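The residues making up each chain are set out below.
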Amino acid sequence: MKRAETSGGERGATPTGARAHRPSLIDRIGDQLPKIVVAPTFLITLVFVYGFIAWTTYLSFTRSTMRPSMVWEGLRPHERLWGNPVWHTALGNLGTYALLYIGLSTLMGMLLAILLDQRIRAEGALRTIYLYPMALSFIVTGTAWKWILNPGLGIEKLMHDFGFHDFQFQWLVDPEMAIYCLVIAGVWQSSGFVMAMFLAALRGIDGEIIKAAQIDGAGVLRIYARIIIPMMRPVFLSSFIILGHLAIKSFDLVVALTGGGPGNATALPATFMYEMTFTRNQVAVGAASAVVMLMTVCAVIVPYLYSELRPKGGAHG
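A.B. asks: Can you break down the overall build of the chain residue by residue, with the values?
C.D. replies: Helix and strand counts for the chain stand at 14 helices and zero strands. Of the regular secondary structure in the chain, the N- to C-terminal order runs α-α-α-α-α-α-α-α-α-α-α-α-α-α. Taken along its principal axes, the extent of the C-alpha atoms in the chain is 115 × 75 × 45 Å. The contacts of the chain with a sequence gap of at least 6 include a subset with a gap of at least 24, amounting to 69%. Total accessible area on the chain stands at roughly 19,700 Å², and carbon and sulfur atoms take up 66% of it.

Shown next, in the form of structure tokens:
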């Protein structure tokens, strides 16, 4: 009888215990708080980034001119895009600009990082000076270098004032050399950021490895060439991805520095897309160029993401 009563009492106490351990409203809200905070940003990104990507892709297959049109036209806007000689000029300019911009920014950033890694005096001040250009917008950078490279205001006039009247530096107005003005301004702004990445990687290298190499008689140049630089392959890859992305979407630097000129000497895909969409009222062609730029960015980023996210190594049975 007592056992039955005890058993019955325990069964009767079970719902009360369950209610006691049921989380309160505040606890449930606390558990869901991260999702609640992230949800608005997720929705905004979903609509205003991926939604507009889908909308632009659809417009690239329509008969849109001055305003978006829902009339389907298939691949004709893309045919008009690839039949436009200015588009081919913009792609050629992008190839030249991206190759020099990525290569020189990486080289300058690495050399600056190696210099600062020698524990020189005023390292903090130098690091701030090298990083400062990255704090500026490309509009400010383009405007400043437009003044510096302008034949009537900048380097050429300065040299004339010093008495070197035969000195000429007219790259900004030379169709053959204007693209290199973009490279100069771009490298000046981005090399400090690359320096920061390489410097962080250098400071993360185990000092015991370097000491062992020094004991074996290896010089400084050989240590960097054979040991340190090969260990920084992930930094080289990250630098290529970031700089490549910046090069493909370059717009404000071109507008501020050269305006795409002289002629179309410095036109890039981003400036071509803006001109087609907002100046020449060819929305479909502009959208088609934007889709090509998106595909180019994906071709750069997707292999990087695949290499970073895939499982390292393999399972062995």
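A.B. asks: Break down the environment of E156 for me, with residues and values.
C.D. replies: With respect to the secondary-structure elements, E156 resides in helix 7 (residues 155-161). Considered as a pair, E156 and Q168 are 12 residues apart in the sequence and their alpha carbons are 5.8 Å apart. E156 has contacts with P151, F167, Q168, F169 and Q170, leaving out every residue within four places of it along the chain. A distance of 3.0 Å separates a polar side-chain atom of E156 from the backbone nitrogen of F169.

A.B. asks: Account for the packing of helix 4 (residues 85-116) against helix 11 (residues 233-248), naming residues and giving values.
C.D. replies: Two elements in contact, helix 4 and helix 11, have axes separated by 10 Å at closest approach and are oriented at 140°. Accordingly, the angle class assigned to the pair helix 4 and helix 11 is oblique. Remark: the crossing between helix 4 and helix 11 carries right-handed chirality. Of the residues in helix 11, those in contact with L94, Y97, A98, Y101, I102, S105, T106 and M110 of helix 4 are F236, S239, F240, L243, G244, L246, A247 and I248. Of the residues that constitute the contact of helix 4 with helix 11, the class distribution is 12 nonpolar, four polar and no charged.

A.B. asks: Lay out helix 8 (residues 178-203) in plain terms, naming residues and giving numbers.
C.D. replies: Taking 1.5 Å per residue as the helical rise, helix 8 with its 26 residues ought to reach 38 Å, and the 38 Å between its terminal C-alpha atoms agrees with that figure. At S190, helix 8 shows its strongest bend, of approximately 35°. Within helix 8, 19 of the 26 residues are buried, leaving the element largely enclosed by the surrounding structure.

A.B. asks: Explain the packing of helix 10 (residues 220-231) against helix 11 to me, using residue names and the numbers behind them.
C.D. replies: Here helix 10 crosses helix 11 at 55°, and the two axes come no closer than 5 Å. Classified by the interaxial angle, the pair formed by helix 10 and helix 11 is oblique. Counted together, I229, P230 and M231 of helix 10 and R233, P234 and F236 of helix 11 form the full contact between these two elements. Of the residues assigned to the contact of helix 10 with helix 11, the class counts are five nonpolar, no polar and one charged.

A.B. asks: Quick rundown of the packing of aromatic side chains? Include the residues and the values.
C.D. replies: Enumeration according to the criterion identifies 13 aromatic pairs in this entry. Between W55 and Y58, the ring centres sit 6.3 Å apart and the planes meet at 20°, which makes this aromatic pair stacked. Separated by three residues within a single helix, W55 and Y58 lie in helix 2 (residues 25-59), roughly one turn from each other. W55 sits in the partly exposed class, given a relative accessible area of 34%. Ring centres of F169 and W171 lie 4.9 Å apart, and the angle between their planes is 25°; on these two criteria the pair is classed as stacked. Among the aromatic residues, those joined into a ring-pair cluster are W55, Y58, F61 and W72.

A.B. asks: Summarise the pattern of salt bridges; cite the residues concerned and give the values.
C.D. replies: Scanning the entire structure with this criterion turns up five salt bridges. E73 is the salt-bridge partner of R80, the closest N and O atoms lying 3.8 Å from each other. E73 sits in the buried class, given a relative accessible area of 15%. Between R203 and D117 there is a salt bridge, and its shortest N-O distance comes to 3.0 Å. Taken together, the residues R203 in helix 8 and D117 in the loop between helix 4 and helix 5 (123-131) connect sequence positions 86 residues apart. Overall, R203 belongs to the partly exposed group, its relative accessible area being 32%. For D117, a relative accessible area of 17% gives the class buried. In this structure, a network of salt bridges that share partners links the residues R63, E73 and R80.

Rules used throughout
Residues numbered from 1 in each chain as written. Predicted model: local features only at pLDDT ≥ 70, side-chain atom pairs only at ≥ 80, totals over all residues. Heavy atoms only, no water. Helix = DSSP H or I, 4+ residues; strand = E, 2+ residues; numbered from the N terminus. Contact = heavy atoms within 4.5 Å. Areas by Shrake-Rupley, 256 points an atom, 1.4 Å probe, with all protein chains shown as cover. Polar contact = N/O pair within 3.5 Å; in protein donor to acceptor, adjacent residues only side chain to side chain. Axes fitted to C-alpha atoms, helices over the stretch in contact; angles between N-to-C directions. Parallel < 35°, antiparallel > 145°, perpendicular 65-115°, else oblique. Left-handed = near helix turned anticlockwise from the far one by under 90°. Nonpolar A, V, L, I, M, F, W, Y, C, P; charged D, E, K, R; others polar. Expected span 1.5 Å × (residues − 1). Bend = angle between axes of the 7 residues up to and from the residue. Buried < 20%, exposed > 50% of the residue type's maximum accessible area, 1.4 Å probe, protein only. Phe/Tyr/Trp six-rings, centres within 6.5 Å; stacked < 30°, edge-to-face > 60°. Salt bridge = Lys/Arg side-chain N within 4 Å of Asp/Glu carboxyl O.

That is the geometry; function is a separate question.
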